[in-house]
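Here are the chains, one letter per residue:
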Amino acid sequence: GVLTHRPMSESEHALVSEALGHPIQNVADAPEVGGFQGVVVQGRALPPLRSPVELEAPAPGEQPSPAGLMEHARNVAQARARVPHSDFPVGCVVTTTDGHAVAGVNVEFDDWTRGLCAERSALALTLAYGLSPAALFVSCVKVPGGTPCGACRQVIAELVPNGPIWIDRHETPPLRTSTQALLPDAFVGASLRHPTADR
């Protein structure tokens, strides 16, 4: 499959068809990550997901709903997490300083050391889109109140030092915590930076 942020031109369409060796057809022309309506994986239809940079964008002057963003984190975990070994889906939504939101999920491999956590995948995608993370919404679908692992806490401390972290508690309202509460006295690496004159 080919995913683009805009509909392909005729020449691009022809180039991809030639590269693949057979004709292709558009699934959707809308700039959506979820342009794969109707795709079935392991017996279940995947729900569409909107563009990473346009999720839950609030109206001018409005704040996004923590409950709504948490529901999205839960839904994306159930639909997209790849957890063949642990069966422990996790979803994360990172809201940005300009009101967008970016979703991520955990992805497991046979070599456990190469696995990706939902928090770090969402933060990496946020940076890849050139956006600035402001807050995180984390849902451990099978464990109410599940929190980020130690590695994720370190990355959160460096990338979202002052932003709130929301934890899914399922039937009760999300818990708001902070980077400082999750990782007190975090190492931030400022001491590693030296002016050129000191070298």
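Counting of residues starts from 1 at the beginning of each chain's written sequence and follows it residue by residue. Only residues with pLDDT of 70 or above have their local features reported here, since the model is predicted, and side-chain atom pairs are shown and tallied only from 80 upward, although totals for entire chains, interfaces and linings are computed over all residues. Note that water and hydrogens are dropped before the side-chain values are worked out from all heavy atoms of the structure.

Caption draft 1: Quick look at the pairing of strand S4 (residues 101-105). Buried residues are those whose accessible area, probed at 1.4 Å on protein chains only, stays under 20% of the maximum for their type, while exposed residues exceed 50% and partly exposed ones sit between those limits. In this text, helices come from DSSP runs of H or I with a minimum length of four residues, and strands from runs of E with a minimum of two, each type numbered from the N-terminal end. In terms of burial, S4 is largely enclosed, as five of its five residues are buried. Burial of S4 is two-sided: the residues Ala101, Ala103 and Val105 facing one way and the residues Val102 and Gly104 facing the other way are all buried.

Caption draft 2: A look at the pattern of salt bridges. By definition, a salt bridge exists where a carboxyl oxygen of Asp or Glu is found within 4 Å of a side-chain nitrogen of Lys or Arg. Summed over the entire model, instances satisfying the criterion amount to three salt bridges. Across the pair Asp87 and Lys142 runs a salt bridge, and its minimum N-O distance is 2.5 Å. In this pair, Asp87 is assigned in the loop between helix H2 (66-80) and strand S3 (90-96) and Lys142 in the loop between strand S5 (133-140) and helix H4 (150-159), connecting sequence segments 55 residues apart. Owing to a relative accessible area of 45%, Asp87 belongs among the partly exposed residues under this scheme.

Caption draft 3: Structural context of the packing of helix H3 (residues 118-128) against H4. It is the contact of H3 with H4, at a shortest axis distance of 9 Å, that shows an interaxial angle of 30°. By the angle between their axes, H3 is roughly parallel relative to H4. Crossing of H3 over H4 shows left-handed handedness. Contact residues: Glu119, Arg120, Leu123 and Leu127 in H3; Ala151, Cys152, Val155, Ile156 and Leu159 in H4. Every axis corresponds to a line fitted to the C-alpha atoms, with the helix fit spanning only the stretch in contact, and the corresponding angles, defined between N-to-C directions, vary from 0 to 180 degrees. Throughout, the term roughly parallel applies to angles under 35 degrees, roughly antiparallel to angles over 145, roughly perpendicular to angles from 65 to 115, and oblique to all others. Note on convention: the crossing is left-handed when the near helix lies turned anticlockwise from the far helix by less than a right angle, right-handed when the turn is clockwise. Contacts are residue-level and defined by heavy atoms, with any inter-residue pair within 4.5 Å sufficient.

Caption draft 4: Just the packing of aromatic side chains, in detail. Two aromatic rings, drawn from Phe, Tyr or Trp (for Trp, its six-membered ring), form a pair once their centres lie within 6.5 Å of each other, and the interplanar angle then sorts them: stacked below 30 degrees, edge-to-face above 60, tilted otherwise. Per the counting criterion, the structure on display carries one aromatic pair. Look at Phe137 and Trp166: their rings are 5.9 Å apart centre to centre, the planes differ by 0°, and that puts the pair in the stacked class. Residue Phe137 is found in strand S5, and its partner Trp166 is found in strand S6 (residues 164-169); the two are separated by 29 residues along the sequence. With respect to class, Phe137 is no different from Trp166; both count as buried.

Caption draft 5: Main features of the confidence of the model for the protein. pLDDT: the predictor's confidence for each residue, scored from 0 to 100. On average, residues of the protein carry a pLDDT of 79, and 70% of them reach 70 or more. For residues 29-42, every residue scores under 50 in pLDDT, and the model assigns this stretch 26 contacts once sequence neighbours within four places are set aside. Under a pLDDT of 50 for its full length, residues 53-58 has, in the predicted model, 19 contacts with residues more than four places off or in other chains.

Caption draft 6: Spotlight on the sheet that holds S3. Two strands pair if DSSP finds at least two bridges between them. The sheet built from five strands is open, its strands ordered S4-S3-S5-S6-S7 with mixed pairing. Since the sheet does not close on itself, it has two edges, and those belong to S4 and strand S7 (172-178), each with one partner. Put simply, the sheet's adjacent strands are angled 20° from each other on average, direction ignored. Summarising the sheet, S3 and S5 pair through seven bridges and their orientation is antiparallel. Note that in S5 the partner of Cys92 across the bridge is Val138. Relative to S3, H2 is tilted by about 135°, and along the sheet it contacts S3, S4, S5, S6 and S7.

Caption draft 7: Focus on H2. The terminal C-alpha atoms of H2, which comprises 15 residues, lie 21 Å apart, in line with the 21 Å expected from a rise of 1.5 Å per residue. Restricting attention to buried positions, one finds in H2 the residues Leu69, Met70, His72, Ala73, Val76, Ala77 and Ala79. In this analysis, the expected span of each helix is defined as 1.5 Å times one less than the number of residues it contains.

Caption draft 8: Representation of the side chain of Thr177 within the structure. Of note, Thr177 is situated in strand S7. Residue Thr177 is classed as buried on the basis of its relative accessible area of 18%. What Thr177 contacts, discounting residues up to four positions off in sequence, is Pro164, Ile165, Ile167 and Leu182.

Caption draft 9: Structural view of the nonpolar core. Among the nonpolar cores identified, the biggest contains 14 residues, and Cys92, Val94, Leu123, Leu136, Val138, Ile156 and Ile165 are the most heavily contacted of them. Listing elements by their share of this core, those giving two or more residues are S3, H3, S5 and S6. Residue contacts for Val94: discarding those within four places in its chain leaves His100, Ala101, Val102, Ala122, Leu123, Thr126, Pro133, Ala135 and Leu136. Residues belong to a common nonpolar core when they are buried Ala, Val, Leu, Ile, Met, Phe, Trp, Tyr or Cys residues joined through side-chain atoms within 4.5 Å. In terms of nonpolar packing, the next biggest core, distinct from the first, is built from 13 residues, Ala73, Val93, Ala101 and Trp166 among them.

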